Number of protein chains: 4
Amino acid sequence: MGKSGEERRGSIGARRNPASADAILDAAKAELIEKGYAGFSIEGVARRARAGKPTIYRWWPTKSALLLDVYQRQKGGIDYGGSGSIEEDMFRFLRSLMGHWRKTSSGSIFRSLVAEAQSNPEAAAALADYAAFRRGHSGQMVRDAQARGEVPADVDPEIVADLLSSYAWSHLLTDRLDEDDATIRRAVHAIARGILTKPAAG
Amino acid sequence: MGKSGEERRGSIGARRNPASADAILDAAKAELIEKGYAGFSIEGVARRARAGKPTIYRWWPTKSALLLDVYQRQKGGIDYGGSGSIEEDMFRFLRSLMGHWRKTSSGSIFRSLVAEAQSNPEAAAALADYAAFRRGHSGQMVRDAQARGEVPADVDPEIVADLLSSYAWSHLLTDRLDEDDATIRRAVHAIARGILTKPAAG
Amino acid sequence: MGKSGEERRGSIGARRNPASADAILDAAKAELIEKGYAGFSIEGVARRARAGKPTIYRWWPTKSALLLDVYQRQKGGIDYGGSGSIEEDMFRFLRSLMGHWRKTSSGSIFRSLVAEAQSNPEAAAALADYAAFRRGHSGQMVRDAQARGEVPADVDPEIVADLLSSYAWSHLLTDRLDEDDATIRRAVHAIARGILTKPAAG
Amino acid sequence: MGKSGEERRGSIGARRNPASADAILDAAKAELIEKGYAGFSIEGVARRARAGKPTIYRWWPTKSALLLDVYQRQKGGIDYGGSGSIEEDMFRFLRSLMGHWRKTSSGSIFRSLVAEAQSNPEAAAALADYAAFRRGHSGQMVRDAQARGEVPADVDPEIVADLLSSYAWSHLLTDRLDEDDATIRRAVHAIARGILTKPAAG
DNA sequence: ACCTAAGCGAGACGGTACGTCTCGTCTTGCG
DNA sequence: CGCAAGACGAGACGTACCGTCTCGCTTAGGT
């Protein structure tokens, strides 16, 4: 998390100093983890990063922009399958996303982001954009399955991705990331196979 | 929303004055609706209710306690189907819940509650309890369908309810309550019928 | 300058706390003396007084209001004569005013006030009011002399007071408060000789 | 105030670019006039002059240095009489000085200089020098009158000049440059009558 | 009929964070 | 090397709320 250099970190000319950006993102992450969203303040980040507030506001116009950046730096590789089976892919996706949130600090950062979005329209827009982007991304699982003929073409990949990420979100937001594999599998199974009783000939 | 009397509303002796409690809850709700969670402040509530701040802090020690009280006074009836078809029931449930949130103020109050729960453990616990209760409640749709033989017994009603409410939550939290009926139907369809290509003989 | 109590100095109800006012004025004076006008800040005063900034802004809407208050608390008794001679009275007035400015800290406070008035219209108005009030006050010397018949009625006491205070101001502002008595007497003499009633035969 | 060329004004080699110096002084003057001393900032001057801040700091190490330079470029001719009467000369001097300050921008620049001198010793020294020089210069009126026999030799011209300029300063600093002629005449009259040689028989 | 106890409105208090401004320093790349 | 440009750490600005406090008042219930 940075080498925590002692020496002053000044301007390097008429362009952004990446050392400052790093220090600020590191400090923001640390503050978020230590104090949580409620105790998170630009003031505190500036203090910890030994940066001036204007330097922060210059590059992250809003608190949510900073939060989003912190989150994105943290994003690890989420497993998008390739197992050859859409059901297995969806399971792996959910388990890996929820595990990532639970095991790293990114879950708590994302919770902050969601909280911020509930009061800050800019954060809301940023989060909506991000979520849409992620839906598009994870919809790839479905499109791959369609290419394989596993899923018919009239299924909307976005809607499936929406169901999956909604499930993950609500578990994150209500402290239920530790759902066991069987439960996740059953949720995924419901989406893959449906919940209706199969016709006799099925 | 109260008669908003002009005359001073003082003490009625050595016990709580219900008129003040009402005025404060009304004011809190109004502030929440007008300004959203971000612009919500105890200060503002006190101002609008013409109440002293200590009067608020005396009865609602934290912001989340007040928020919860406001939300509880607001509960409206959600449509749990009875159409005879689980798919139609699920569609009606989602549409009615999302419409309720969108059209009344309860959506914005609930958003505030979710936001608060992300940093306040007390609010988090209250929200988790509430969500579990609601899942149990809306799982009834599935149990009814199982009784009809429409859904096999090995489907977990809680998981289905979880998928549905998760979908609604994530749309609430990302400002997508105005999803059109066709989209909601497709999501519900995925859960009911699954997304896999049906076998030729099916 | 205050007993520097250690214990917290909170609210005493819905009215101004004089202890806070005193602590703030003391702190402001000390800051002004230690750091001069350039280094004077509301922030610094609040810090030293252990007061919140809003407490300062509540009672002194502008920096100049605070400066003026500090100055006025400091104002010692200026000698307005009563020697029976207008020339002697004017001399004593100037010498006592300039000595007071030089020997106490009020000179440097007043310099700050004048400086502030050059950039802040509110301070300018406050200073103008104050200066006019003082001219009226010190004009009393002349009115007394007129009552004695020492000065003719058509002399405007305000103009004489203006000449005297202008002389004192310009010496304050250019670090010449240590003018010797002989020089002050000569300046006063120039003015006195012009306003004396001429002897009938003179 | 300069042609304010649109094209970039870069370096002209390893020496000072006079065009930049001019642009900076022009911009400083304009800022001072438009926004007054309070709104005067190096930042603003650089912006208006399309100059880099370091260029300003390179040549004018302090704000007061820049202020002085601006004032010096501005000197206008003040009327030192020659009317043959010391009283008339003094009146013309005051009226012309105050009018000059009022009608051109030099008054507001001088006010800034005085304000700056109250907290900046360097500026204070420069102002004191300048004021002494001006007193010597305007004392010439009195010396001329002494040569004519209108004023006795034991009157100190410096003290008379001090009274006059003090009067002008204090009116400048308290926004009273628009004093009418009659009032100025009465002030001058007070001084003049005191320094006139008295006719033997009155 | 008094007396005490508690709730009430009001609003001041010491704090903290906000987002903006300017300071004076620094380092670049161009001319 | 001077120049325009502009990022940097620093820190003050004036405002908004926080949660706590003390006041003077009102009313009810216990004596």
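Quick caveat, the model's predicted, so the values are computed rather than measured.

## Details of the packing of aromatic side chains
Throughout the structure, instances matching the rule amount to 20 aromatic pairs over all chains. Aromatic side chains Y71 of chain C and Y130 of chain C sit 5.8 Å apart centroid to centroid with 85° between the ring planes, which places their arrangement in the edge-to-face category. Taken together, the positions of Y71 of chain C in helix 4 (residues 63-74) and Y130 of chain C in helix 7 (residues 121-148) put the pair 59 residues apart, joining distant regions of the chain. For the pair Y71 of chain C and Y130 of chain C, a shared accessibility class is recorded, and that class is buried. Residues F110 of chain C and W169 of chain C carry aromatic rings whose centres are separated by 5.3 Å and whose planes lie at 80° to one another, so their mutual orientation is edge-to-face. Of the two residues, F110 of chain C is situated in helix 6 (residues 106-117) and W169 of chain C in helix 8 (residues 157-173); the sequence distance between them amounts to 59 residues. Exposure remark for F110 of chain C: the relative accessible area of 2% places this residue in the buried category. Through successive ring pairs, a cluster of aromatic residues spans Y71, W101, F110, Y130 and W169 of chain A. In this arrangement the basic side chain of R16 of chain A is found over the ring face of W60 of chain A, its NZ or CZ atom lying 4.8 Å from the centre.

## Some thoughts on the protein's contact with DNA strand F
Around DNA strand F, the structure places 57 residues, and the nearest of them are W59 of chain A, Y57 of chain B, K53 and Y57 of chain C together with N17 of chain D. Sugar plus phosphate, as a fraction of atoms of DNA strand F within 4 Å of the protein: 70%. W59 of chain A places a side-chain nitrogen or oxygen 2.5 Å from a phosphate oxygen of DNA strand F. Listed by contribution, the elements that provide at least two residues to the surface near DNA strand F are helix 3 (53-59) of chain A, helix 2 (42-49) and helix 3 (53-59) of chain B, helix 2 (42-49) and helix 3 (53-59) of chain C together with helix 3 (53-59) of chain D.

## Things to note about the interface of chain A and chain B
The interface of chain A with chain B comprises 45 residues on the first partner and 44 residues on the second. Note on chain A versus chain B: buried area summed over both sides is about 4,000 Å², and carbon and sulfur give 64% of it. When residues of chain A are sorted by the area they lose upon contact with chain B, Q118, I195 and L196 of chain A head the list and together hold 19% of the total. For the pair chain A and chain B, the interface holds two salt bridges. Between the two partners, chain A and chain B, sit 22 residue pairs in polar contact (both at pLDDT 80 or more). Secondary-structure elements contributing two or more residues to the side of chain A that touches chain B are helix 5 (86-103), helix 6 (106-117), helix 7 (121-138), helix 9 (157-173) and helix 10 (181-193) of chain A. Residue contributions to the side of chain A that touches chain B peak at 10 residues, all from helix 9 of chain A. Taken together, the residues that form the side of chain A that touches chain B break down as 26 nonpolar, 10 polar and nine charged.

## Some points on the pattern of salt bridges
For side chains of opposite charge, pairing can occur when their charged atoms come near one another. Residue and element names in this part refer to chain A. Overall, the coordinates contain 54 salt bridges over all chains when judged by the stated rule. Here R48 and E34 are joined by a salt bridge, their closest N and O atoms 2.8 Å apart. Note that R48 is positioned in helix 2 (residues 42-49) and E34 in helix 1 (residues 18-35), a separation of 14 residues in sequence. Among the residues examined, E34 registers a relative accessible area of 56% and is labelled exposed. Each member of the salt-bridge network shares a partner with another, and the members are E31, E34, K35 and R48.

## Remarks on the protein's contact with DNA strand E
The full set close to DNA strand E counts 54 residues, and E43, P54 and Y57 of chain A together with K53 and P54 of chain D are the nearest of them. Backbone atoms, meaning sugar and phosphate, form 68% of the atoms of DNA strand E found within 4 Å of the protein. Side-chain polar atom of R58 of chain B to a phosphate oxygen of DNA strand E: 3.5 Å apart, as the coordinates give it. Of all elements in the fold, only helix 2 and helix 3 of chain A, helix 3 of chain B, helix 3 of chain C together with helix 2 (42-49) and helix 3 of chain D reach the threshold of two or more residues within the surface near DNA strand E. Partitioning the surface near DNA strand E into residue classes produces 16 nonpolar, 19 polar and 19 charged.

Analysis parameters
Residues numbered from 1 in each chain as written. Chains lettered and ligands numbered in written order. Predicted model: local features only at pLDDT ≥ 70, side-chain atom pairs only at ≥ 80, totals over all residues. Heavy atoms only, no water. Phe/Tyr/Trp six-rings, centres within 6.5 Å; stacked < 30°, edge-to-face > 60°. Helix = DSSP H or I, 4+ residues; strand = E, 2+ residues; numbered from the N terminus. Buried < 20%, exposed > 50% of the residue type's maximum accessible area, 1.4 Å probe, protein only. Lys NZ or Arg CZ within 6 Å of the ring centre and 35° of its normal. Near = heavy atom within 4 Å. Polar contact = N/O pair within 3.5 Å; in protein donor to acceptor, adjacent residues only side chain to side chain. Contact = heavy atoms within 4.5 Å. Buried area = accessible area lost by both parts, 1.4 Å probe. Salt bridge = Lys/Arg side-chain N within 4 Å of Asp/Glu carboxyl O. Nonpolar A, V, L, I, M, F, W, Y, C, P; charged D, E, K, R; others polar.

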